[in-house]
Amino acid sequence: MHILYLTSGFSFGGAQKIMVGLAEQAVQRGHEASFLTICPGNDYEERLQAKNISLQSLKYEGRFTPRNLLSILQLREAMEEKIRQVNPDLVHEQLFIPKLLAFGKSMLGGCPVVHTQQDTSPWWPKGDLYSRLQTFIERRFSRRTADQNVAISEGVRDGMVQAGLVNSKEAC
């Protein structure tokens, strides 16, 4: 099985560290692993090379704002092309931006998509307009992007349910 890990960037962080560990375990169990990052930077290059895990980046350096909608749509097209080239059996994505860009499984070649939620988002409980908009967007994309939503803890799963991203039966 070829697993493509999709993440925002590859600077040292909790989600990135977990994804690298998962990819290493997959390779150790006989699977193929690849990474596709949205933004440039790679704090894991030597570690990935040692395990024969490929890494590609879209090298996007813009901001994700409504003003940049055209460049974001172009980025989505570039991501779709890279995914077609890799031809994975499974896409595992984490973090907000990859979830938005991976919207619609048809652009992922129809392969299954797993989303892992690392923590409760800081905007879910807030009531300001921007936070409500972020939560609304995430609600829409959570159900339409992933075949399976995985929470790293019961508390995170409960937060996902309370924010309306999934119902209690949809997340594990």
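Described below are features of the structure shown in this document. All values reported here derive from a predicted model rather than from experimental measurement. (Residues numbered from 1 in each chain as written. Predicted model: local features only at pLDDT ≥ 70, side-chain atom pairs only at ≥ 80, totals over all residues. Heavy atoms only, no water.)

## Some points on the overall build of the protein chain
Thought 1: Of regular secondary structure, the protein chain possesses six helices and six strands.
Thought 2: Reading the protein chain from its N end, one meets helices and strands in the order β-α-β-α-β-α-β-α-β-α-β-α.
Thought 3: Within the protein chain, the proportion of its 172 residues that are buried is 44%. (Helix = DSSP H or I, 4+ residues; strand = E, 2+ residues; numbered from the N terminus. Buried < 20%, exposed > 50% of the residue type's maximum accessible area, 1.4 Å probe, protein only.)

## Side note on the pairing of strand 5 (residues 113-117)
Thought 1: The buried fraction of strand 5 is high, at five of five residues.
Thought 2: Here strand 5 shows no split at all, with Val 113, His 115 and Gln 117 on one side and Val 114 and Thr 116 on the other all buried.
Thought 3: Relative to strand 6 (residues 148-151), strand 5 runs parallel, the two sharing four bridges. What sits directly across from Thr 116, in strand 6, is Val 150. (Pairing = 2+ DSSP bridges.)

## Considering the sheet that holds strand 6
Thought 1: Ordered in space as 3-2-1-4-5-6, the six strands form an open sheet in which the pairing is parallel. The two strands at the open ends of the sheet, each matched to only one other strand, are strand 3 (54-57) and strand 6. Between one strand axis and the next, the sheet turns through 20° on average, direction left out of account.
Thought 2: Alignment of strand 2 (residues 32-37) against strand 3, held across four bridges, turns out to be parallel. Bridge pairing links Thr 37 to Ser 57 in strand 3.
Thought 3: With respect to the sheet, helix 1 (residues 14-28) is in contact with strand 1 (2-7), strand 2 and strand 4 (90-94), its orientation differing from that of strand 1 by roughly 175°. (Axes fitted to C-alpha atoms, helices over the stretch in contact; angles between N-to-C directions. Contact = heavy atoms within 4.5 Å.)

## Re the pairing of strand 4
Thought 1: Burial analysis of strand 4 places five of its five residues in the buried class, the great majority of the element.
Thought 2: The two faces of strand 4 match: Leu 90, His 92 and Gln 94 on one face and Val 91 and Glu 93 on the other face are all buried.
Thought 3: In terms of strand pairing, strand 1 meets strand 4 through four bridges, oriented parallel. By the bridge assignment for strand 4, Tyr 5 is matched with His 92.

## A look at the nonpolar core
Thought 1: Ranked by size, the top nonpolar core spans 16 residues in total, and within it Leu 36, Ile 38, Met 79 and Leu 101 carry the most contacts.
Thought 2: Mapped onto this core, the elements with two or more residues apiece are strand 1, helix 3 (69-86) and helix 4 (96-101).
Thought 3: Examining the composition of this core, we find that five residues originate from one element, helix 3, more than from any other.
Thought 4: Residues Phe 10, Met 19, Ala 23 and Phe 35 belong to the second largest nonpolar core, which totals 14 residues. (Core = buried A, V, L, I, M, F, W, Y, C linked by side-chain atoms within 4.5 Å.)

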